[in-house]
Amino acid sequence: MKNKLNKEGWINEVLDSTGGMARATPPAHLYHKITTGLRLEAPKSRTIAIHTKQWAAAAILLLALNVGSILYFTAHNSTGHTGDASPLTEIQQVSTYNY
Amino acid sequence: MVQDHGMAEDITQEVFITVYRSVLSFNSQSSISTWIYRITVNKCLDHLRAQKRRKQNGFFRSLFNTDAAQTDKPHFEHPGVLLERRENARYLFEAIETLPGNQKTVFILAHVEELPQKEVAAIMEISVKAVESLLQRAKVNLRKKLSHIYERRKNE
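Numbering of residues begins from 1 in every chain and follows the order in which that chain's sequence is written. To label them, take the chains in the order written and letter them from A, then take the ligands in the order written and number them from 1. This being a predicted model, a pLDDT of at least 70 is required before a residue's local features are given, and a value of 80 or more before pairs of side-chain atoms are given or counted; all residues contribute to the totals for chains, interfaces and linings.

**So, the overall build of chain B**
Put simply, the rule reads: Numbering goes from the N terminus for both helices and strands, where a helix is a DSSP run of H or I of at least four residues and a strand is a run of E of at least two. Remark: C-beta atoms are placed from the backbone, and a residue is labelled buried if 20 or more other C-beta atoms sit within 10 Å of its own, exposed if 12 or fewer do, or partly exposed between those counts. Contact between two residues is assigned whenever their backbone-derived C-beta positions fall within 7 Å.
From N to C terminus, chain B includes six helices and zero strands. Beginning at the N terminus, the succession of helices and strands in chain B can be written as α-α-α-α-α-α. Across the 156 residues in chain B, those meeting the buried criterion constitute 22%. For chain B, contacts bridging at least 24 residues in sequence account for 57% of all contacts bridging at least 6.

**Section: the overall build of chain A**
Per the secondary structure count, chain A includes three helices and zero strands. Helices (α) and strands (β) of chain A occur, in sequence order from the N terminus, as α-α-α. For chain A, with 99 residues in total, the buried portion stands at 4%.

**Let's talk about helix H4 (residues 101-112) of chain B**
Each turn of an α-helix holds 3.6 residues, which means side chains three or four residues apart point in the same direction. Residue and element names in this part refer to chain B. Worth spelling out the cut-off: One less than the residue count of a helix, multiplied by 1.5 Å, gives the span that helix is expected to have.
For H4, which comprises 12 residues, the first-to-last C-alpha distance of 15 Å matches the rise-based estimate of 16 Å (1.5 Å per residue) to within 8%. Listed in full, the buried residues belonging to H4 are Gln103, Lys104, Thr105, Val106, Phe107, Ile108, Leu109, Ala110, His111 and Val112. Residue Glu114 follows H4 closely and has a positive phi angle near 55 degrees.

**Overview of unusual backbone geometry**
Here the phi dihedral of Gln3 of chain B falls at roughly 55 degrees; this positive angle occurs in a residue that is not glycine. Looking at the secondary structure, you find Gln3 of chain B in the segment before helix H1 (5-22).

**Brief notes about the environment of Met7 of chain B**
All names here are of chain B. Along the chain, Met7 turns up in helix H1. By the C-beta count within 10 Å, which is 17 here, Met7 ends up partly exposed. Ignoring sequence-local partners within four residues, the contact set of Met7 consists of Val2 and His47.

**A look at the confidence of the model for chain B**
Interpretation of this model should avoid reading the predicted coordinates in detail wherever pLDDT is low. Our working definition: As a per-residue measure, pLDDT tells how confident the predictor is, with possible values from 0 to 100.
When the pLDDT values of chain B are averaged, the result is 87; 92% of them are 70 or greater. Mean pLDDT across the elements of chain B bottoms out in helix H2 (residues 32-64) of chain B (86) and peaks in helix H5 (residues 117-124) of chain B (95).

**Remarks on the environment of Arg49 of chain B**
The topology assignment puts Arg49 of chain B in helix H2. Classification of Arg49 of chain B as exposed rests on a count of 11 C-beta atoms within 10 Å.

**With respect to the interface of chain A and chain B**
Many authors give the size of an interface as the accessible area that is lost as the parts come together. Here is the rule: Each residue receives one of three labels: charged for Asp, Glu, Lys and Arg, nonpolar for Ala, Val, Leu, Ile, Met, Phe, Trp, Tyr, Cys and Pro, and polar for the others, Gly being one of them.
Taken together, the contact pairs 21 residues of chain A with 23 residues of chain B. Among the elements that line the side of chain A that touches chain B, the one with the most residues is helix H2 (residues 29-80) of chain A, at seven residues. For the side of chain A that touches chain B, a count of residues per class yields 11 nonpolar, five polar and five charged.

**Regarding the nonpolar core**
Which entries qualify depends on this criterion: For our purposes the nonpolar core covers buried Ala, Val, Leu, Ile, Met, Phe, Trp, Tyr and Cys residues that link as a set through C-beta atoms within 7 Å.
Leu92, Val106, Phe107 and Val120 of chain B are the most contacted members of the largest nonpolar core, which totals 29 residues. Counting residues per element, the ones that place at least two in this core are helix H1 (2-15) of chain A together with H2, helix H3 (86-96), H4, H5 and helix H6 (128-155) of chain B. Apart from the residues lying within four places of it in its own chain, the contact partners of Val120 of chain B are Val106, Leu109, Ala110, Leu115 and Val131 of chain B.

**A word on the environment of Phe76 of chain B**
Among the structural elements, Phe76 of chain B can be located in the loop between H2 and H3. Excluding residues that lie within four positions of it along the chain, Phe76 of chain B makes contacts with Gln3 and Phe93 of chain B.

**A short note on the packing of H1 of chain A against H3 of chain B**
Pairs of packed helices are described in terms of their axes, by the angle between the two and the distance that separates them. Note the cut-off: Under this scheme, a helix contributes an axis fitted over its contacting stretch, all axes are lines through C-alpha atoms, and angles between N-to-C directions fall in the 0 to 180 degree range. Any angle that falls under 35 degrees is termed roughly parallel, while one over 145 is termed roughly antiparallel, one within 65 to 115 roughly perpendicular, and all others oblique.
Their axes nearest at 8 Å, the elements H1 of chain A and H3 of chain B cross at an angle of 85 degrees. On the basis of their axis angle, the class for H1 of chain A and H3 of chain B is roughly perpendicular. Along the contact surface, H1 of chain A presents Glu13, Val14 and Leu15 of chain A, while H3 of chain B presents Asn88, Tyr91 and Leu92 of chain B. Among the residues forming the contact of H1 of chain A with H3 of chain B, the class breakdown is four nonpolar, one polar and one charged.

**As for the packing of H4 of chain B against H5 of chain B**
All names here are of chain B. Applicable threshold: Working rule for handedness: look at the near helix, and if it is turned counterclockwise from the far one by less than a right angle, call the crossing left-handed; if clockwise, right-handed.
Between H4 and H5, the shortest axis-to-axis distance is 9 Å and the interhelical angle comes to 140 degrees. The angle between the axes of H4 and H5 places the two elements in the oblique class. Read as a crossing pair, H4 and H5 show a hand that is right-handed. Contact residues: Thr105, Val106, Leu109 and Ala110 in H4; Gln117, Val120, Ile123 and Met124 in H5. Counted by class, the contact of H4 with H5 contains six nonpolar, two polar and no charged residues.

Structure below.
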């Protein structure tokens, strides 16, 4: 019984042993290590920014090409449907050269 | 949490770099300290997982290589613990080391760091009820482990 009480008392003491504990202070060289790490990190973040811009430019270019080609083919198809209205020959449709 | 000075320094550096890199994406739903605590806890857990993997690989290597050095981790001593409590704290940290990751995190934040349970919940992105439950389980497990340590000490 006494042994059990001793044991419980010891466990409680151990569990409370971190009470009033001070915060660990970092060693002096850590600040230098962190600033060096941040300096090495800086160019990498710039590269990411450039990549993002390149991706955006490529996306805009692709979008412009798609829109351009849609407009071009829409216009091209609409002239093709006028076959019955204007009696152009196949040669005249392909070329505007005057024979 | 990692009980290794070198690893703690590496984690501190990584935390600062992560904060520097993603401070613009920080949304003010939680306080900045909670956000930094969350980054730190995640980094610690990542390092502990990597350490566990290395240990497992080391074990398998040592099965085939008898020259492999068996490196036992020395007992951890937190520099902030009061001198008269240092020995007891050593046993506590030994027991904490055996806890599962989430119980360990909750115990350290709520019991050792003495943070309010609400903040622990915000850091771990779980409910306050879950924090209470994890803390309870951590204490039960620690009591079991400390009971074994007590018996071991008696027999020494």
